[in-house]
Amino acid sequence: MILCKSILELKNLLNSAHHNGKSIGLVPTMGALHEGHASLITACHKENDLTVVSIFVNPTQFGPNEDYEKYPRNLTKDCQTADTAGADIIFSPKPKELYPSNDMTWVEVTGNIVKVLCGRTRPIHFRGVATIITKLFHIINPDKAYFGQKDAQQVEVLKKMVKDLFFPVQLRIMPIIRESDGLAKSSRNTYLTSEQRKAAVVLYKSLQYAKKLFTVGERRPQTLISAVTSMIAAEPLSHIDYVELYGLPGLVPVPTTITQPVLLAVAVKFGETRLIDNIILEAE
Ligand code: AMP
């Protein structure tokens, strides 16, 4: 596995792969790699000749009062995790390498898709995500790029961006990897105290409860939202940011009865740590 810090170095490495017709897969990450990231890397390794993993804490997707500075960084450990999972190249540039100018060029998906869910409290987040992924796609020119369903809104935003801007890349969306008690793996789980960690399992439990209701025929969005909300609210350490439900694809509003696949998504704070989780509800 090769660790590469500059765009020039990376392009030189990839040039021969492109010329020899080798398929290139990209797994964009912000590091602090866990089994969720590893599952993406392993899938990429299986489906491509060359697996590139980017490790870059992207400053433009963090708001002014968010955790950019304290976001966990450990490149040595991440390289080991990525190597074991099947990475061939790690691309870990400094911010100046990817953002050489202070006068920014942005890529911005617009509309409801970026205004609901996390977009409501993180108004610049998806502009930062779309911009950094565009830069990575242009530098690497991957055949396939791997993203986790854990960040469901990110998936919808990037699908739209790829479609609208005709990016010649196939997006591969991988399932959420969880701890044994159901908590979705996240780099931010390390911020939780042991009490908060125990309490956080309510996210998974409430989504599973909604799934059970849906399976036995409940199709009223508000009933499902209320069931999840009351279960999470009953956990004293939780502070709900949102519990929302939108139609897929595209996070469209859902009428009074669900007749299409929907995303039920939650964001909940435990102390200062904000966790997200979601489930897709779809009739058999
Ligand atoms: P991040 O480093 O948090 O930006 O995540 C990089 C990629 O890993 C994103 O596509 C995430 O959706 C994905 N990811 C993060 N956590 C998980 C998880 N628990 N299961 C599957 N994919 C995940």
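This is a predicted model, so every value here is computed, not measured.

A.B. asks: Can you break down the overall build of the chain residue by residue, with the values?
C.D. replies: Tallying secondary structure elements over the chain gives 10 helices and nine strands in all. Rg of the C-alpha trace for the chain: 19 Å, near the compact-globule value of 19 Å for 284 residues, within the 12% margin. Each of the three principal axes of the chain carries a C-alpha extent, and together these read 55 × 40 × 40 Å. Taken over 284 residues, the chain has a buried fraction of 53%. A separation threshold of at least 6 residues defines the contact pool for the chain, and within that pool the share at least 24 residues apart is 72%. Roughly 13700 Å² of accessible area belongs to the chain as shown, and the carbon and sulfur atoms make up 53% of that amount. Counting 32 positive and 28 negative side-chain charges, the chain places the averaged centre of each group 2 Å from the other.

A.B. asks: How would you sum up the pairing of strand 7 (residues 238-247)? Please name residues and give values.
C.D. replies: Residues in a regular strand project their side chains so that they alternate between the two faces of the sheet. Within strand 7, seven of the 10 residues are buried, leaving the element largely enclosed by the surrounding structure. Here strand 7 pairs with strand 8 (residues 262-270) via nine bridges, running antiparallel. From the neighbouring strand, S238 faces strand 8, where its bridge partner is F270.

A.B. asks: Account for the site of the ligand, with residues named and values stated.
C.D. replies: Among the 17 residues in the neighbourhood of the ligand, the closest are listed as M30, G148, D151, I177 and K185. A distance of 2.9 Å is found between an oxygen atom of the ligand and a backbone nitrogen or oxygen belonging to M30. At 2.8 Å from a nitrogen atom of the ligand is found a main-chain nitrogen or oxygen belonging to K185. In isolation the ligand offers 490 Å² of accessible surface; the protein chains occlude 92% of this area. When contributions to the shell around the ligand are tallied by element, the ones reaching two or more residues are strand 2 (24-29), helix 2 (35-47) and strand 5 (144-148). Tallied by class, residues from the shell around the ligand come to eight nonpolar, six polar and three charged.

A.B. asks: Give a description of the domain arrangement of the chain that names residues and reports values.
C.D. replies: Per the domain assignment, the segments making up the chain are domain 1 (2-174) and domain 2 (187-278). Computed from C-alpha atoms alone, the centre-to-centre distance between domain 1 and domain 2 is 26 Å. The interface is formed by 23 residues belonging to domain 1 together with 18 residues belonging to domain 2. Counting each side, the surface lost to burial between domain 1 and domain 2 is near 1700 Å², with a carbon and sulfur contribution of 53%.

A.B. asks: Go over the nonpolar core with me, naming the residues and quoting the values.
C.D. replies: Here is a general trend for soluble globular proteins: nonpolar side chains tend to be buried in one another's company. Residues L10, V52, I133, F137, I140 and M161 are the most contacted members of the largest nonpolar core, which totals 48 residues. Considering every element that reaches this core, the biggest residue donor is helix 6 (residues 125-140), with nine residues. Both domain 1 (2-174) and domain 2 (187-278) contribute no fewer than three residues apiece to this core. With 27 residues, the next largest nonpolar core counts A199, L264, V268 and I279 among its residues.

A.B. asks: Break down unusual backbone geometry for me, citing the residues and quoting the values.
C.D. replies: The omega torsion across L248 and P249 is -5 degrees, close enough to zero to call that bond cis. Phi is positive for A32, close to 50 degrees, though the residue is something other than glycine. Its location among the elements puts A32 in the loop between strand 2 and helix 2. With a relative accessible area of 17%, A32 lands in the buried category. Not every positive phi belongs to a glycine, and L117 is a case in point at roughly 50 degrees. Topologically, L117 is positioned in the loop between helix 4 (95-98) and helix 5 (118-121).

A.B. asks: Describe the sheet that holds strand 1 (residues 2-4), listing the residues and the values that go with them.
C.D. replies: The sheet built from six strands is open, its strands ordered 1-4-3-2-5-6 with parallel pairing. The outermost strands of the open sheet, each flanked by one partner alone, are strand 1 and strand 6 (170-174). Taking each pair of neighbouring strands and ignoring which way they run, the sheet shows an average axis angle of 25 degrees. Sheet topology places strand 3 (residues 50-55) next to strand 4 (residues 89-91); three bridges connect them, and they run parallel. The residue of strand 4 that forms the bridge with V53 is I90. Contacting strand 2, strand 3, strand 4, strand 5 and strand 6, helix 6 crosses the sheet at an angle of about 155 degrees to strand 2.

A.B. asks: Describe the confidence of the model for the chain, with residues and values.
C.D. replies: Of the residues in the chain, 100% have a pLDDT of 70 or more, and the chain-wide mean is 97. The least confident element of the chain is helix 1 (residues 7-19), whose mean pLDDT is 94; the most confident is strand 5, at 99.

Conventions and cut-offs
- Residues numbered from 1 in each chain as written.
- Predicted model: local features only at pLDDT ≥ 70, side-chain atom pairs only at ≥ 80, totals over all residues.
- Heavy atoms only, no water.
- Helix = DSSP H or I, 4+ residues; strand = E, 2+ residues; numbered from the N terminus.
- Rg over C-alpha atoms; globule rule 2.2 N^0.38 Å.
- Buried < 20%, exposed > 50% of the residue type's maximum accessible area, 1.4 Å probe, protein only.
- Contact = heavy atoms within 4.5 Å.
- Areas by Shrake-Rupley, 256 points an atom, 1.4 Å probe, with all protein chains shown as cover.
- Lys, Arg positive; Asp, Glu negative; His and termini not counted.
- Charge placed at Lys NZ, Arg CZ, Asp CG, Glu CD.
- Pairing = 2+ DSSP bridges.
- Near = heavy atom within 4 Å.
- Polar contact = N/O pair within 3.5 Å; in protein donor to acceptor, adjacent residues only side chain to side chain.
- Nonpolar A, V, L, I, M, F, W, Y, C, P; charged D, E, K, R; others polar.
- Domains from an automatic or database assignment.
- Buried area = accessible area lost by both parts, 1.4 Å probe.
- Core = buried A, V, L, I, M, F, W, Y, C linked by side-chain atoms within 4.5 Å.
- Axes fitted to C-alpha atoms, helices over the stretch in contact; angles between N-to-C directions.
- pLDDT = per-residue confidence, 0-100.

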